[in-house]
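# What the coordinates show
Chain by chain, the residues:
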Amino acid sequence: MKIKPKILTAPVVRVFDQIMVQAQLDGVDYESVNRKERASLVLGTGQVWVEVCLFPLEPFSGPKPINRAESVVCDPLCAHTAINAPLTGAGRCYVNHLGIKRSQQKALQQLESKRFNSLLVGGYILRLTKWGDISALNNDGLAWALELCVSAAETRAYSNIWRHEESALEAGDLWRYRLIQGLKGFVQASVSSVEDALKAKRAGWKVYAGARQDEIRAALIAEGVRVYKCPYTTPTGRVFCANCPMPCDGTRHIMSPKEPT
Ligand code: SF4
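Owing to the predicted nature of the structure, the values given are computational and were not obtained by experimental measurement. (Residues numbered from 1 in each chain as written. Predicted model: local features only at pLDDT ≥ 70, side-chain atom pairs only at ≥ 80, totals over all residues.)

### What to know about the site of the ligand
In the vicinity of the ligand, the contacting residues are Lys36, Arg156, Cys230, Pro231, Tyr232, Val239, Cys241, Cys244, Met246, Pro247, Cys248 and Ile254. A breakdown of the residues in the shell around the ligand according to their chemical character gives ten nonpolar, no polar and two charged. (Near = placed C-beta within 6 Å. Nonpolar A, V, L, I, M, F, W, Y, C, P; charged D, E, K, R; others polar.)

### Considering the packing of helix H4 (residues 139–151) against helix H6 (residues 174–183)
Between H4 and H6, the least distance of the axes is 10 Å, while the angle of their chain directions is 25°. Regarding the angle of H4 to H6, the classification is roughly parallel. Between H4 and H6 lies a crossing whose hand is left-handed. Where H4 abuts H6, its residues Asn139, Leu142, Ala143, Leu146 and Cys149 lie against Trp175, Arg176, Leu179, Gly182 and Leu183. Looking at side-chain class alone, the contact of H4 with H6 contains seven nonpolar, two polar and one charged residues. (Axes fitted to C-alpha atoms, helices over the stretch in contact; angles between N-to-C directions. Helix = DSSP H or I, 4+ residues; strand = E, 2+ residues; numbered from the N terminus. Parallel < 35°, antiparallel > 145°, perpendicular 65-115°, else oblique. Left-handed = near helix turned anticlockwise from the far one by under 90°. Contact = placed C-beta atoms within 7 Å.)

### Notes on the confidence of the model for the protein chain
Close inspection of predicted coordinates is inappropriate in any region flagged by low pLDDT. Scored by pLDDT, the protein chain comes out at a mean of 87, with 89% of its residues at no less than 70. For the protein chain, per-element mean pLDDT is lowest for strand S5 (residues 118–121), which scores 52, and highest for H6, which scores 98. (pLDDT = per-residue confidence, 0-100.)

### Remarks on the pairing of strand S8 (residues 188–191)
Of the two faces of S8, both are covered, the one formed by Gln188 and Ser190 as well as the one formed by Ala189 and Val191. The pairing of strand S7 (residues 154–159) with S8 spans two bridges and is classified as parallel. Considered in S8, the bridge of Ser159 is made with Ala189. Taken together, the three bridges between S8 and strand S9 (residues 207–209) define a ladder with parallel strand orientation. Residue Val191 lies in a different strand from S9, and its bridge partner there is Ala209. At this point the chain moves from S8, through helix H7 (residues 194–202), to the parallel S9, and the crossover so formed is right-handed. (Buried ≥ 20, exposed ≤ 12 C-beta atoms within 10 Å, placed from the backbone. Pairing = 2+ DSSP bridges. Right-handed = clockwise from strand over helix to strand, strands pointing away.)

### A closer look at the sheet that holds strand S4 (residues 48–56)
Sheet architecture is open: nine strands sit in the order S2-S3-S4-S6-S7-S8-S9-S11-S10, paired in mixed fashion. Across the chains shown, the open sheet's two edge strands, defined by having one partner strand only, are strand S2 (12–16) and strand S10 (227–229). Taken over all neighbouring pairs, the strand axes of this sheet differ in orientation by 20° on average, direction set aside.

### Structural notes on the pairing of strand S3 (residues 19–26)
Counting buried positions over the eight residues of S3 gives seven, a clear majority of the element. Linking two consecutive strands that pair antiparallel, namely S2 and S3, is a turn of two residues; a positive phi of about 55° is found at Asp17 within it. Bridging between S3 and S4 involves eight bridges; their strand directions are antiparallel. When the sheet's bridge partners are listed, Ile19 is paired in S4 with Pro56.

### Remarks on the nonpolar core
One finds Trp49, Val50, Ile125 and Leu126 to be the most contacted residues of the largest nonpolar core, which totals 66 residues. For this core, the element with the highest residue contribution is S4, accounting for seven residues. (Core = buried A, V, L, I, M, F, W, Y, C linked by C-beta atoms within 7 Å.)

### Observations regarding the environment of Cys248
Relative to the elements of secondary structure, Cys248 occurs in the loop between S10 and strand S11 (253–255). Residues Cys248 and Glu154, spaced 94 residues apart in sequence, show a C-alpha to C-alpha distance of 9.3 Å. For Cys248, the residues in contact, after removing those within four places along its chain, are Arg156, Ala157, Tyr158, Gln188, Tyr208 and Ile254.

### As for unusual backbone geometry
Omega for the peptide link from Leu128 to Thr129 comes to 5°, which places this bond in the cis form. By the element assignment, Thr129 lies in the loop between strand S6 (124–128) and H4. In the Ramachandran plot, Arg38 falls in the positive-phi region, its phi being about 50° despite a non-glycine side chain. Its place among the elements puts Arg38 in the loop between S3 and S4. Located in the positive-phi region is Lys64, a residue other than glycine, with phi close to 45°. Within the secondary structure, Lys64 sits in the loop between S4 and helix H1 (65–73).

Here you go:
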C-alpha cells in the first residue's frame, strides 16, 4: 500500500457550474450509512476515508425533485436513473435520496459558512462517488477529481465517464479527453449490459457490473480476461470496501456483491 504524506483540508466543498462537490472524511466528521464500506477500519492504518459526493446547488424542492437533481449530477446515460431505469430494466439507483437531501443541506450550510477543518494525514482512500457521477462535472471539476485520485493512496471509484471518451475526442475537447484517460487507472467503468462491458473493456477500462452479471461475466471471460466477484457478504462478514483485498480501483473487472432489485 503506497502512503503519500499530504495535508488534506476537509471537509471541502467546491462549486463547478451548477454542481457542488463535497469531500468528507468518513469516520472523522461523517459516518456513512453504506454498510459495505466500513470506513472506520482504515483509521487504525494511519489513513482516512475520503468520500466525495455531488449535489445540485439548487435545493431539493418542487415536483419530482430527485428527477431534477439526477438530471444535474448524474450521467444521462446511467441505466439506474429515474428516467432510464424503466427502459433499461437495470434497476433503480440504490442511494437513499432522503439522506442525500439532508447531506445537501449540510453541504450548502458549509459552503455558506466557509468553515473548513485542516487535518494532517498519511494518505487517504478515496471513494468516488457517494452520489452523482463525475461525468456530470465540467473540465475544472473533472481535473479536481483526477487530482484527488492521483493524491490518494487507494481509490474505490465507479463512473460512467468512460462513455464520454470518444465524444470528447470527436468534439476536439482534448483537455477532457486527457482527463478521462487519466482517470482510467483509478476508476471502474459502470456497466449494465454485455454491450457496455465489451465496449468499455475494449477501450481499456475495467468494469463494475451490478445488473446482468451472468451474461457480462461470460462475455468478458470469452474475451480472455479475469473477472472477480466482490468479496463483501454481509455487515457481519470480514471483508468491506475499507479492507478489500481486490478493491474497485480501476485495475480489475468486478461483479458487484448482488444484483440490484
Ligand atoms: S470489490 Fe471490494 S472495494 Fe469493490 S465493492 Fe466489493 S468490497 Fe467494495
